[in-house]
Amino acid sequence: MTDTLLPAAPQPLEKEGDGYFRKGCNPLAQTGRSKLQNQRAALNQQILKAVRMRTGAENLLKAATNQKVREQVRLELSFLNSDLQMLKEELEGLNISVGVYQSTEEAFTIPLIPLGLKETKDVDFSVVLKDFILEHYSEDSYLYEDEIADLMDLRQACRTPSRDEAGVELLMSYFIQLGFVESRFFPPTQQMGILFTWYDSLTGVPVSQQNLLLEKASILFNIGALYTQIGTRCNRQTEAGLQSTVDAFQRAAGVLNYLKETFTHTPSYDMSPAMLSVLVKMMLAQAQESTFEKICLSGIQNEFFMLVKVAQEAAKVGEVYRQLHTAMNQEPVKENIPYSWASLACVKAHHYEALAHYFTATLLIDHQLKPGTDEDHQEKCLSQLYDHMPEGMTPLATLKNVHQRQQLGKSHLCRAVTHHEESVREASLCKKLRNIEVLQEVLSAAHQRSRLKYTQLREDYDLLNLIDVPDIISKTEREVEIIPPQFSKVTVTDFFQKLGPLSVFSANKRWTPPRSIHFTAEEGDLGFTLRGNSPVQVHFLDPYCSAAVAGAKEGDYIVSIQDVDCKWLTVSEVMKLLKSFGQDDIEMKVVSLLDATSSMHSKCATYSVGMQKTYSMICLAIDDDDKTDKTKKISKKLSFLSWSTKNRQKSASTLCLPSVGVRVAGPPVKKKLPSPFSLLTSDSSLY
């Protein structure tokens, strides 16, 4: 993913605006949410202390042999377990403090569940990154102090993101920046010694690892959590606000699903695959609930077909919450999911199932089949409302028979009242839900409405004639979906771009220290060509030119020329730079891969495109001569640059590449024969 975000050339890092804090972050904003996060952080510290004391007590119990000591330790251990349980319950109370995250607009709606941000400890990158820059890249690490400081500032800002799109972009930019940092400084086979600590957002238990994957996974979790907080903050009294709520929860589901599929071995409970699957279901359920609210926002017309639609939409919301409640009660998430979350899922499942039966009862009781009514359409809608009609009933006969419609409608009202009573009972069993006033008001109002309608129609013998009505088939016209995170829309500049293109200068490649090559252009020819984009590689090196004698090798990467950084320069830019020195002595610094086979192309594969085997054989012959006679004095007669016309004609097969004819300017030479280095491929240039 990070390869697609590489800049074409180093760009100056964008400076922050006149504001003191980075965009998307405001750590001094004393909002209810920030105070809640501070309370969560303090609880995390207390839980950490309790866990450490419990671990010490357990170790002492294993080591102690004296019976009195063991009894005393058991007593202390019971107190510690009790304190730890109380702290976790207090943390659960913070997790269900939905009122803090809700919209400031007064609304008669059931609250939605947001996720709290994961807390972390400070991390110092400076020492480790400086050592790695000096050791691996052989560069002065003090030249990168500002870049390291920018990275640490960005991480610090991500601990207090603002609850809007700017905060999401801040977290995404740090996540992408971590991809650059991982590629440059974290070899896959080496631990860097940086300890990352993150607290579980559900249990408060800390997790520490010397692995950047924990950092990346935790940032992804916080992106999803921030989307949930944005969704709960939207004004659900307007169509635009509800659409923003649906979009935010779909994006939260996409981020959490991406986290589940990408990071499969995270040691934190809240990021385990099973827990993330439940959280994704919860986000989609809340998005579906907001979709239902959007349909009902303009009012529900007391019209047959509209009531059929709303009943099935309500049944859909009840179904997804029923599935969510079932998933929350499965192992292993059952032990770590907040009890209040599972209770609220159960409450909503009963509530929306009750609404589905209420709207179905209304369409049966309030709408009689009259002459001129579209019977076929109503019959079709009623038949699609159930999986099967009650025993002894058919859709058309029920529509025409007033008594059957009344009995079926009252049976639906009875089911609605039953579900409402169950939702009220579930809410009363949970202490946290009992304290949410708006929830109690919504449940009570819906319950009273169904009871009132049933009371108006109830007759003495109804209990004997009630029909066992089937469940209503769930259906929605606006199916919610997972929206994957769109990291490509966030523009990020690699802080450490001065190290060179990431495709070449990365942590998984080992380099020789930079070597200084002093050479001059002999009669306008340097004796080698260049290839590649950035950085440029030495290619087609004449083994007898001054650069080769000075130590240059084929495949060397040019990092600087006369102290001018060349790591980001292209072939044409390096050519222009070399031409500017003319006949003067040139100092060129190059580096080589310690494992040349990992980056250099095979000669046979490279040359077989436009050359015959003759050229490769000549190269091999020269290599053999060099190996067998290292003490032999170098003679210009053996250079490729001094071939005779006769030899050139005999070896015409070696000169079959199309000529480009790019040459560094130099003094005119009389009757100089064409050099094979002037016959280049399309991705090379001559010097």
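Numbers given for residues are sequential positions, taken from 1 along each chain in its written order. In keeping with the predicted nature of the model, local features appear solely for residues at pLDDT of at least 70, side-chain atom pairs appear and are counted solely at 80 or more, and the whole-chain, interface and lining totals rest on all residues. Remark: hydrogens and water are excluded; side-chain values derive from all non-hydrogen atoms of the structure.

Undergrad: Run through the environment of His-357, naming residues and quoting values.
TA: Mapping His-357 onto the fold places it in helix α11 (residues 339-366). Exposure classes here rest on a 1.4 Å probe applied to the protein chains alone. A residue is buried below 20% of its type maximum, exposed above 50%, and partly exposed in between. On the basis of relative accessibility, which here comes to 3%, the residue His-357 falls in the buried class. Spatially, the C-alpha atoms of His-357 and Lys-410 are 9.9 Å apart, while their sequence positions differ by 53 residues. Excluding residues within four positions of it along the chain, His-357 makes contact with His-412, Arg-415, Ala-416, His-419, Val-469, Pro-470 and Ile-472. Numbering of helices and strands starts at the N terminus; helices are DSSP runs of H or I of at least 4 residues and strands are runs of E of at least 2. Whether two residues touch is decided by their heavy atoms; if any such pair falls within 4.5 Å, the residues are in contact.

Undergrad: Account for the pattern of salt bridges, with residues named and values stated.
TA: Note on definitions: salt bridges are taken to be side-chain nitrogens of Lys or Arg within 4 Å of carboxyl oxygens of Asp or Glu. Here the structure, examined in full by the defined rule, presents 21 salt bridges. Residues Asp-270 and Lys-118 are paired through a salt bridge, measuring 2.9 Å at the closest nitrogen-oxygen approach. One end of the pair, Asp-270, is in the loop between α8 (239-262) and α9 (273-296); the other, Lys-118, is in the loop between α3 (98-101) and α4 (126-136), and 152 residues separate them in sequence. In this pair, the class of Asp-270 matches that of Lys-118, namely buried. Taking the shortest distance from any N to any O, the salt bridge between Asp-366 and Lys-453 comes out at 3.5 Å. Taken together, the residues span a long stretch of sequence, with Asp-366 in helix α11 and Lys-453 in helix α16 (residues 437-457) at a distance of 87 residues. You can call Asp-366 partly exposed: its relative accessible area is 34%. Among the ionic contacts, a cluster of salt bridges with common partners joins Glu-139, Asp-565 and Lys-567.

Undergrad: Tell me about the packing of aromatic side chains, and please be specific about residues and values.
TA: Paired rings are identified among Phe, Tyr and Trp, the last through its six-membered ring, by centres lying within 6.5 Å, and are further divided according to the angle between planes into stacked (under 30 degrees), edge-to-face (over 60) and tilted (the rest). Going through the model one piece at a time under the given rule, you end up with 15 aromatic pairs. Centroid distance Phe-132 to Tyr-137: 6.0 Å. Interplanar angle 70°. Geometry classified as edge-to-face. Of the two residues examined, Phe-132 and Tyr-137, each falls in the buried class. With a centroid separation of 4.8 Å and an interplanar angle of 80°, the aromatic rings of Phe-185 and Phe-496 are classed as edge-to-face.

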